[in-house]
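So you can see what is in the structure, the chains are spelled out below.
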Amino acid sequence: MSEPSFTNDNDLDIQGDILLVDDDLALLEAVTDLLDVSNFHVLTATDGESALAMMDDYTPDLIISDITMPGMDGYQFFDAVRQNPAWITIPFIFLTARGQQTDIRTGYSLGADDYLVKPFEPDDLIIKVEARLKRVRAIRAATRQEVDNMKQQLITIFSHELRTPLTCIYGYANLLQEDHDSMDDRTVTQMLDEVADGAERLVRLVENLMLLVRMDSGVVGMEISRYGVKVELSPLLKRVVELFQPIAAMRNVDIDLQISGDPIVSGMKNYLENVMKNLVDNGIKFCKHGRGHVQIKLETDGDQAILTVSDDGIGIAEADYERIFVRFEQINRHEMEQQGVGLGLTLAKNLVEFHGGSIELQSEVDRGSTFCVHLPLA
Ligand code: ADP
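All of these numbers come straight from a predicted model, not from anything done at the bench.

Got a minute to help me understand the environment of valine 229 in this structure?
Relative to the helices and strands, valine 229 is located in strand E6 (residues 229-232). As for valine 229 and histidine 160, which are separated by 69 residues in sequence, their C-alpha atoms are 38 Å apart. Excluding its chain neighbours within four sequence positions, the residues that come into contact with valine 229 are Val265, Ser266 and Gly267.

Put into structure tokens, the structure is as follows:
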């Protein structure tokens, strides 16, 4: 195939590149002229297959395609275009013969953006093309802005989450190197504890990121279904609560643990422990300053194990219920000095779902939050 070229190459004020597909050569020529006059680059093809082949080299800003064509027809061509994630946002306009209402309905049901009935008014064509291009450009600009904001947010979160423990490790290690001769044993132990805490926080961060990657790639789901065993939740929960007692005490938070029965679920201990840790950690973290209270309950109800973690902390607005389960999302991070990168609940939700369960939230701003995990009993 000779290298395709767009028309109107010399014009500096180009509105966009359009791929026009139709087996009617007279129509191809007429529409090309029309678009050309309105400063569009036009690339033409006479069937879906050759149009697709062109798109390997050139990505158009918009596609106009006839429906009935020899070989790959317009619907098949549309399908093939939408299969490629890189082409998913390209506006697609179908051309159809007058009176073919079913064509129009089918086109829309496939997800086409618009249609033009042949023969059409030149102005209609230009208006539709310009409107679709304008819309897709606005969406792309908004998406770019969203991505930029997300990048900025990630840089802020990660630089804080990396810098804080690193500064602590580096600072205490330097002090110990320079002055340990003049320090008593207690001071040295305290400093080493700080170094260990900082290192642990970094290890946790890396582990959570690795877990996210393993979850996304399907490894975690596969592990749970293939290697899952019976797991007793009570001893696991007791251990997690013990682990958090010192942190809770430091923050003046009481933990009240109530366990009834001995629910056993099928799954993987380390992942279920991760869920418990994230919920308990958040309960303690988001208690109000001063005295806080975290209530943890484990019980069975029918064929379900139910774990409830309630706090009387800052609460979550209903509008944010979904957002907090989205990766790297944190509410009011700039106002709340909180540790974490916004991964805890994403991991918890996914891990619970991989175990066939669900996680629900009830919360009221300034009153507290309750996270309720349902898991099928083994
Ligand atoms: P992180 O590990 O950064 O805390 P999470 O995914 O665990 O991230 O939580 C996401 C966000 O949800 C938190 O940053 C916080 O804004 C909100 N959140 C989670 N748990 C609670 C809670 N118990 N009370 C109030 N807000 C919470």
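Having seen the model, we can carry on.
Could you clarify how one ought to interpret the packing of helix H8 (residues 233-250) against helix H9 (residues 269-285) in this entry?
Helix-helix packing is described using two parameters, namely the angle between the two axes and the distance between the axes. Where H8 contacts H9, the axes come no closer than 10 Å and their chain directions differ by 35°. Considering the relative orientation of H8 and H9, their crossing is right-handed. Across from Leu233, Leu236, Leu237, Arg239, Val240, Leu243, Phe244 and Ala248 in H8, the residues of H9 making contact are Lys269, Leu272, Glu273, Met276, Lys277, Val280, Asp281 and Ile284. Of the residues contributing to the contact of H8 with H9, the split by class is eleven nonpolar, no polar and five charged.

Sorry if this is basic, but what is going on with the site of the ligand here?
Taken together, 21 residues sit near the ligand, with Asn282, Lys285, Gln330, Gly342 and Leu345 positioned nearest. Asparagine 282 places a side-chain nitrogen or oxygen 2.8 Å from an oxygen atom of the ligand. One of the backbone nitrogen or oxygen atoms of leucine 345 is found 2.8 Å away from an oxygen atom of the ligand. Expressed as a share of its isolated accessible area of 540 Å², the protein-covered part of the ligand is 97%. Breaking the shell around the ligand down by element, the ones donating at least two residues are H9, helix H10 (344-354) and strand E12 (368-376).

I would appreciate a short explanation of the environment of serine 310 in the present structure.
Mapped onto the secondary structure, serine 310 falls in strand E10 (residues 304-311). Residue classification places serine 310 among the buried positions, given a relative accessible area of 16%. The spatial distance from the C-alpha of serine 310 to the C-alpha of glycine 107 is 50 Å, given a sequence separation of 203 residues. Sequence-distant contacts of serine 310, defined by excluding residues within four places in its chain, comprise His293, Val294, Gln295, Ser369 and Thr370. A polar side-chain atom of serine 310 sits 3.1 Å from a polar atom in the side chain of threonine 370.

Please clarify how the packing of aromatic side chains should be interpreted in this entry.
How two aromatic rings sit relative to each other is set out by the distance from centre to centre and by the angle between their planes. Taken as a whole and judged by the stated rule, the model has eight aromatic pairs. Ring geometry for phenylalanine 325 against phenylalanine 371: centres 6.3 Å apart, planes inclined by 75°, an arrangement best described as edge-to-face. Pair noted here: phenylalanine 325 is in the loop between E10 and H10 and phenylalanine 371 is in strand E12, with a separation of 46 residues, a long-range link. Accessibility assignment for this pair places phenylalanine 325 and phenylalanine 371 in one class, buried. If you follow lysine 128 out to its NZ or CZ, it ends over the ring of tyrosine 115, 5.0 Å from the centre.

Cut-offs applied
- Along each chain, residues carry numbers from 1 onward, in the same order as the chain's sequence is written.
- Confidence filtering applies because this is a predicted model: local features only for residues at pLDDT of at least 70, side-chain atom pairs given and counted only at 80 or more, and all residues used for totals across whole chains, interfaces and linings.
- The basis for the side-chain values is all heavy atoms of the structure; hydrogens and waters are excluded.
- For the purposes of this entry, the term helix denotes a DSSP run of H or I that reaches at least four residues, the term strand denotes a run of E that reaches at least two, and both are numbered from the N terminus.
- By the convention used here, residues are in contact when the closest approach between their heavy atoms is within 4.5 Å.
- Inter-axis angles, ranging from 0 to 180 degrees, are taken between N-to-C directions of lines fitted to C-alpha atoms, where helices are fitted over the stretch in contact.
- Two helices cross in a left-handed way if the nearer one is turned anticlockwise from the farther one by less than a right angle. They cross in a right-handed way if the turn is clockwise.
- Polarity classes work like this: nonpolar for Ala, Val, Leu, Ile, Met, Phe, Trp, Tyr, Cys and Pro, charged for Asp, Glu, Lys and Arg, and polar for all others, with Gly in that last group.
- Note on definitions. A residue lies near a molecule or strand when any single heavy atom of the residue is within 4 Å of it.
- Polar contacts here mean pairs of N or O atoms no more than 3.5 Å apart (in protein, one a potential hydrogen donor and the other a potential acceptor; neighbouring residues in sequence count only if both atoms are side-chain atoms).
- The Shrake-Rupley method, run with a 1.4 Å probe, gives the accessible areas here. Residue values count only the displayed protein chains as cover.
- Type-normalised accessible area, obtained with a 1.4 Å probe on protein chains alone, sets the label of each residue: buried when under 20%, exposed when over 50%, and partly exposed for intermediate values.
- Each Phe, Tyr or Trp ring (for Trp, its six-membered ring) is paired with any other whose centre lies within 6.5 Å, and the angle between the two planes then decides the class: stacked below 30 degrees, edge-to-face above 60, tilted in between.
- Both a distance and an angle decide whether a charge sits over a ring: NZ of Lys or CZ of Arg must be within 6 Å of the ring centre and within 35 degrees of the ring normal.

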